[in-house]
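Chain by chain, the residues:
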Amino acid sequence: MTHRFFAAASVAALVAGPAVASDWDLNERFEAGMEAEDAAALAALFEEDAISYGPDGQTARGRAEIQASWQGFFDAFDNITLELAPDGSHGDDQTHAEWGIYTLTMTPAAGGEEITSMGRYTDYSVKSEDGWRYKFDHASPMAE
């Protein structure tokens, strides 16, 4: 597929560590934005200069490209549900990294059978005066 399935990003060298402050809620906001098919809401979860590597092999740099990527995905698919299953996290009150497995279910907007995609994700986020935002994300599909 040529559209982004997911944001979630890469700091592969980190090991599991203490939980971060309870106001880190990006995953919940990300899942809600996906299910609402709201590209602007998803892009707002990223720092202005964020980088997103999608499972389709494409790179989106900055909020505008990230929003356009998600809009293309939402134009192509409907009835989207996303489940994030974290395997680990590491962070403090200013930075957070998380990795895990995603399950994405959707139907083609033009009609057809429901599609389920599973993959791995890693994300790195930072806390600013505007709250938590993704700085870098990476998602990759699992082999069928």
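Residues numbered from 1 in each chain as written. Predicted model: local features only at pLDDT ≥ 70, side-chain atom pairs only at ≥ 80, totals over all residues. Heavy atoms only, no water.

Notes on the overall build of the protein
The criterion, for reference: Here a helix means four or more residues in a row that DSSP labels H or I, a strand means two or more in a row labelled E, and each is numbered from the N terminus. Burial here depends on accessible area, computed with a 1.4 Å probe over protein chains only, as a share of the maximum for the residue type. Under 20% is buried, over 50% is exposed, and the range in between is partly exposed. Residue contacts follow a heavy-atom distance rule, with two residues in contact if any of their heavy atoms lie within 4.5 Å. All accessible-area figures derive from a Shrake-Rupley calculation using a 1.4 Å probe, and residue coverage is judged against the displayed protein chains alone.
Within the protein one finds 3 helices and 6 strands. Counting from the amino terminus, helix and strand elements in the protein follow one another as α-α-β-β-α-β-β-β-β. A burial count over the protein gives 44% of its 144 residues as buried. For the protein, the proportion of contacts with a sequence separation of at least 24, taken over those separated by at least 6, is 63%. Accessible area for the protein stands at about 6900 Å²; split by element, carbon and sulfur atoms hold 50% of it.

Some words on the packing of aromatic side chains
Condition: Geometry of aromatic contacts follows a simple scheme: Phe, Tyr and Trp rings, the Trp one being its six-membered ring, pair when their centres are within 6.5 Å, and the pair is stacked under 30 degrees between planes, edge-to-face over 60, tilted otherwise.
Throughout the structure, instances matching the rule amount to 8 aromatic pairs. Here W70 and F74 contribute two aromatic rings whose centre-to-centre distance is 5.9 Å and whose plane-to-plane angle is 25°, an arrangement assigned as stacked. With a gap of 4 residues between them, W70 and F74 both fall in helix α3 (residues 62-76), about one helical turn apart. Given the relative accessible area of 0%, W70 is considered buried. On the basis of relative accessible area, F74 is assigned to the buried category, the value being 4%. An aromatic cluster of at least three residues, connected via ring pairs, comprises F30, F46, W70, F73, F74, F77 and Y134.

Focus: the nonpolar core
Put simply, the test is: Take the buried Ala, Val, Leu, Ile, Met, Phe, Trp, Tyr and Cys residues and link them wherever side-chain atoms come within 4.5 Å; each set so joined is a nonpolar core.
Of all hydrophobic cores here, the largest spans 25 residues; its most connected members are F30, M34, W70, F73, F74, I80 and L104. Those elements that provide at least two residues to this core are α1 (26-35), α2 (39-43), β1 (46-53), α3, β3 (77-91), β4 (95-108) and β6 (131-141).

Structural notes on unusual backbone geometry
Among all residues save glycine, negative phi is the norm, and among peptide bonds the norm is trans. Here E37, not a glycine, exhibits a phi torsion of approximately 55°, which is positive. By the secondary structure assignment, E37 is in the loop between α1 and α2. E37 gets classed as partly exposed once you look at its relative accessible area, which sits at 25%.

Observations concerning the environment of W24
Here W24 is to be found in the segment before α1. Between the C-alpha atom of W24 and that of K127, which follows or precedes it by 103 residues, the distance is 8.6 Å. With sequence-adjacent residues up to four places away left out, W24 is seen in contact with H96, E98, D123, S125 and W132.

Observations concerning the confidence of the model for the protein
Going by this rule: In predicted models, pLDDT denotes the confidence assigned by the predictor to each residue on a 0 to 100 scale.
Here the protein shows a mean pLDDT of 84. Residues at 70 or above account for 83%. α1 is the least confidently modelled element of the protein, averaging 91 in pLDDT, while strand β2 (residues 59-61) averages 96, the highest of any element. Every residue in residues 1-21 is under pLDDT 50, and counting partners more than four places away or in other chains gives 78 contacts.

A short note on the sheet that holds β4
To be explicit about the condition: At least two bridges found by DSSP between two strands are what make those strands a pair. To get an axis, fit a line to the C-alpha atoms, keeping to the stretch in contact for a helix; angles then go from 0 to 180 degrees between the N-to-C directions.
Reading across the sheet, the 6 strands line up as β2-β1-β6-β5-β4-β3 and stay open at both edges, with mixed pairing between neighbours. Both outer strands of the open sheet, β2 and β3, are each paired with one neighbouring strand and no more. Here the strands of the sheet are splayed against their neighbours by 20° on average, with no regard to which way each runs. The sheet contact formed by strand β5 (residues 115-128) and β6 spans 10 bridges and is antiparallel.

Here's the deal with the pairing of β6
The pairing of β1 with β6 spans 4 bridges and is classified as parallel. Of the residues in β6, the one forming a bridge with Y53 is H138. From the end of β5 to the start of β6, which pair antiparallel, there are 2 residues.

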